[in-house]
Amino acid sequence: LFKECGKVASALKYSVFTQDQIKALFAVGTRVVRGASWMWGTEDGYGVGTITMGLDMKVGSHTYIGWVQVTWDSGYVSMCRMGVGGFYDLERLNDFDPCDFAYTNKSTSPCHKDAACEPIIGYNFTCLCKDGFAGNGHSCVESSPYIPDQDAAAGVYGDCS
């Protein structure tokens, strides 16, 4: 239920805009990732794409109201809903947080409880252990602090002379 509520809330953020505002937000050249209404499997290659035909695009004699064309960085080209039927398949890359996406789709944090999720680009993120912990971000253990005088006196780090 929590995941579904998050998807509805995310879709609603674009539904408050007019079609002209959506056209401006998702103009040709805009970098995008999958959004709240995405239902197209792995067409996006779990990556980033660029809008190559804008909202209400014309293909031949047909106008696709509420749709845009995206060319994904993987090379795949697809049509995505941006308003038709109240569905919003895309998010602008700058508005997207892959840590939220990873959390929503796994129902648990993608990182260890003693690590922080840090966005990189597209759907990528990294997990970094918090201060006082060591590891790869998916597994963190408490690290003992380095105390120069005590450790040097005990010979822990050898002779530095």
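Located above this text is the structure these notes cover.
Small disclaimer: the values here were computed from a predicted structure and weren't measured.

Participant: What's the story with the pattern of salt bridges in this structure? I'm lost.
Facilitator: Any two side chains of opposite charge can pair, on the condition that their charged atoms come close. Enumeration over the complete set of coordinates arrives at 5 salt bridges. Here Arg34 and Asp44 are joined by a salt bridge, their closest N and O atoms 2.8 Å apart. Separated by 10 residues along the polypeptide, Arg34 in strand 1 (residues 31–34) and Asp44 in the loop between strand 1 and strand 2 (49–53) bring together distant segments of the chain. A salt bridge links Arg81 to Asp89, with the shortest nitrogen-to-oxygen separation between them at 2.7 Å. What makes Arg81 buried here is its relative accessible area of 7%. Take Asp89: its relative accessible area is 0%, and that puts it in the buried class.

Participant: Teacher, can you tell me more about the environment of Thr30 here?
Facilitator: Relative to the assigned elements, Thr30 resides in the loop between helix 2 (19–25) and strand 1. Residue Thr30 is classed as buried on the basis of its relative accessible area, which comes to 16%. Once the C-alpha coordinates of Thr30 and Arg92 are considered, the two residues, 62 residues apart in sequence, prove to be 7.1 Å apart. If we ignore the near neighbours within four places in the chain, the residues touching Thr30 are Leu25, Gly49, Thr50, Ile51 and Arg92.

Participant: Looking at this model, I keep getting lost on the state of the cysteines. Mind explaining?
Facilitator: Two cysteines joined by a covalent bond between their sulfur atoms form a disulfide. Taken as a whole, this structure holds 2 disulfides when the rule is applied. A sulfur-sulfur separation of 2.0 Å characterises the disulfide bridge that pairs Cys111 with Cys127. A torsion of -75° about the S-S bond marks the disulfide between Cys111 and Cys127 as left-handed. Of the two residues, Cys111 is situated in the loop between helix 3 (98–106) and strand 8 (115–119) and Cys127 in strand 9 (residues 125–129); the sequence distance between them amounts to 16 residues. The class of Cys127 is buried, set by a relative accessible area of 4%. Paired through a disulfide, Cys129 and Cys140 show a sulfur-sulfur distance of 2.1 Å.

Participant: What is the right way to read the nonpolar core from this model?
Facilitator: In this structure, Phe26, Val68, Val70, Met82 and Leu90 are the most contacted members of the largest nonpolar core, which totals 14 residues. Every element with two or more residues in this core is listed here: helix 2 and strand 5 (67–72). With 3 residues, strand 5 is the single largest residue contributor to this core.

Participant: What am I meant to see in the packing of aromatic side chains here?
Facilitator: The relative placement of two aromatic rings is captured by the distance of their centres and the angle of their planes. A complete count under the given rule lists 1 aromatic pair for this structure. Taken together, a centroid distance of 5.7 Å and an interplanar angle of 90° make the contact between Trp38 and Trp72 edge-to-face. Placement of Trp38 in the loop between strand 1 and strand 2 and of Trp72 in strand 5 is noted, with a sequence separation of 34 residues between them. Its relative accessible area of 10% is what places Trp38 among the buried residues. Taking the relative accessible area as the measure of exposure, Trp72 reaches 1% and is therefore buried. We note Arg81 situated over the ring of Phe87; from NZ or CZ to the ring centre the distance is 4.3 Å.

What counts and what doesn't
- Residues numbered from 1 in each chain as written.
- Predicted model: local features only at pLDDT ≥ 70, side-chain atom pairs only at ≥ 80, totals over all residues.
- Heavy atoms only, no water.
- Salt bridge = Lys/Arg side-chain N within 4 Å of Asp/Glu carboxyl O.
- Helix = DSSP H or I, 4+ residues; strand = E, 2+ residues; numbered from the N terminus.
- Buried < 20%, exposed > 50% of the residue type's maximum accessible area, 1.4 Å probe, protein only.
- Contact = heavy atoms within 4.5 Å.
- Disulfide = S-S within 2.5 Å.
- Core = buried A, V, L, I, M, F, W, Y, C linked by side-chain atoms within 4.5 Å.
- Phe/Tyr/Trp six-rings, centres within 6.5 Å; stacked < 30°, edge-to-face > 60°.
- Lys NZ or Arg CZ within 6 Å of the ring centre and 35° of its normal.

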